Structures are given as C-alpha cells and as structure tokens.
Amino acid sequence: KQSTEASWIKIKQEEGIGTVERNDKFPEGVGRQILKDLIPNKSDPTLWHGMIYIKKLDEYKKVEISLYEPDRMAITGKVGFISRTVEWVRVDKTP
C-alpha cells in the first residue's frame, strides 16, 4: 500500500512485475501492470531495479526500489532532472 494514498500494488517477485490491486483515486488503473522487469541487485538483496509506468507520459521509466525495512520499500524514479520517491508499506491483504 502506498503510505500516503489509497493505492495498493501486488508485486510478484518471481515474475518481476507489480500490478495495481486497488486505487481509490484512479480506479481505472486497477489491473494495470505498473512495475515490470524487476531484478534484484546481486551485491545488495535490499535493492532492486526495474521499470514503472508513468501515466502522464504513457511510458515506462527506470526505477530503483529499496527495501529499507522488512515491511517498507521506497520506489525512486527520475524523469529528466526531477526525481521522486514514493514510500510503500506491506499489507497482508488488499481491503
């Protein structure tokens, strides 16, 4: 679940994808594959790299995913000179 918004994604590590499970602000995005090509860093198991879908650009951009606590992660992406980090918390079940 995104820590500041009513948005949930389900990440399937073995498939390297993340899909929108629920989004109260943009319900039309449910089912969309928002993360793809997720690959763990070989030297740091808490760091992953992949691609995230940016709706405004209608394309995927590179991201870094940091699993800085067992139940928290940060997704950081850059577009041009602008960088943004969004924090997510683990939940057992999408409400």
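Before reading further, recall that the structure is shown in the block above.
What you see is a predicted model, and the numbers here were worked out from it, not measured in a lab. Each chain carries its own residue numbering, running from 1 in the written order of its sequence. A pLDDT threshold of at least 70 governs which residues receive local features in this predicted model, and a stricter bar of 80 or more applies before side-chain atom pairs are shown or counted, although totals over entire chains, interfaces and linings include all residues. As a convention, hydrogens and water are excluded, and side-chain values are obtained from all of the structure's heavy atoms.

Section: the overall build of the chain
So, step 1. From N to C terminus, the chain includes zero helices and seven strands.
So, step 2. The N-to-C order of helical and strand elements in the chain reads β-β-β-β-β-β-β.
So, step 3. Computation of the radius of gyration draws on C-alpha atoms alone. For the globule rule, the value is 2.2 Å times the number of residues to the power 0.38. Expected size for 95 residues packed as a compact globule is a radius of gyration near 12 Å; at 13 Å, the chain falls within 12% of this value.
So, step 4. Summarising its shape, the C-alpha atoms of the chain cover approximately 35 × 35 × 25 Å along the three principal directions.
So, step 5. Partitioning the intrachain contacts of the chain with sequence separation of at least 6 by distance along the chain shows that 20% fall at a separation of at least 24.
So, step 6. Accessible area of the chain: about 6700 Å², with a carbon and sulfur share of 52%.
So, step 7. Computed over 17 positive and 15 negative side-chain charges, the inter-centroid distance for the chain is 3 Å. Every helix listed is a DSSP run of H or I at least four residues long, and every strand listed is a run of E at least two residues long, numbered separately from the N terminus. Whether two residues are in contact is decided by their heavy atoms: any pair within 4.5 Å suffices. Per-residue accessibility takes into account occlusion by the displayed protein chains alone, with areas from the Shrake-Rupley method and a 1.4 Å probe. Only four residue types enter the charge count: Lys and Arg as positive, Asp and Glu as negative, with His and the chain ends excluded. A charge is said to be at NZ when it belongs to Lys, at CZ for Arg, at CG for Asp and at CD for Glu.

Side note on the side chain of Asn 23
So, step 1. Mapped onto the fold, Asn 23 is located in strand β2 (residues 17-23).
So, step 2. Throughout this description, buried means an accessible area under 20% of the type-specific maximum (1.4 Å probe, protein chains only), exposed means over 50%, and partly exposed covers the range between. Note on Asn 23: relative accessible area 16%, which makes it buried.
So, step 3. Two N or O atoms count as a polar contact when they lie within 3.5 Å, although within protein this holds only if one can serve as hydrogen donor and the other as acceptor, and sequence-adjacent residues are included solely when both atoms are side-chain atoms. Polar contacts involving the side chain of Asn 23 include one to the main-chain amide nitrogen of Lys 25, which spans 3.0 Å.
So, step 4. Within the structure, the side chain of Asn 23 is placed 2.8 Å from the backbone nitrogen of Phe 26, a separation counted as a polar contact.

Some thoughts on unusual backbone geometry
So, step 1. A positive phi is found at Asp 37, a non-glycine position, where the angle reads about 55 degrees.
So, step 2. Position of Asp 37 among the secondary structure elements: in strand β3 (residues 33-40).

Quick look at the pairing of strand β6 (residues 72-79)
So, step 1. In short, DSSP must find at least two bridges between two strands for them to pair. Strand direction decides the pairing type here: strand β5 (residues 59-69) and β6, joined by five bridges, are antiparallel. Along β6, the bridge assignment pairs Glu 69 with Arg 72.
So, step 2. As consecutive antiparallel partners, β5 and β6 are separated by two residues.
So, step 3. Bridging between β6 and strand β7 (residues 82-89) involves eight bridges; their strand directions are antiparallel. When the sheet's bridge partners are listed, Ala 74 is paired in β7 with Glu 87.
So, step 4. In textbook terms, the turn of a hairpin is the stretch between consecutive antiparallel strands, and for β6 and β7 this stretch comprises two residues, one of which, Gly 80, has a positive phi near 65 degrees.

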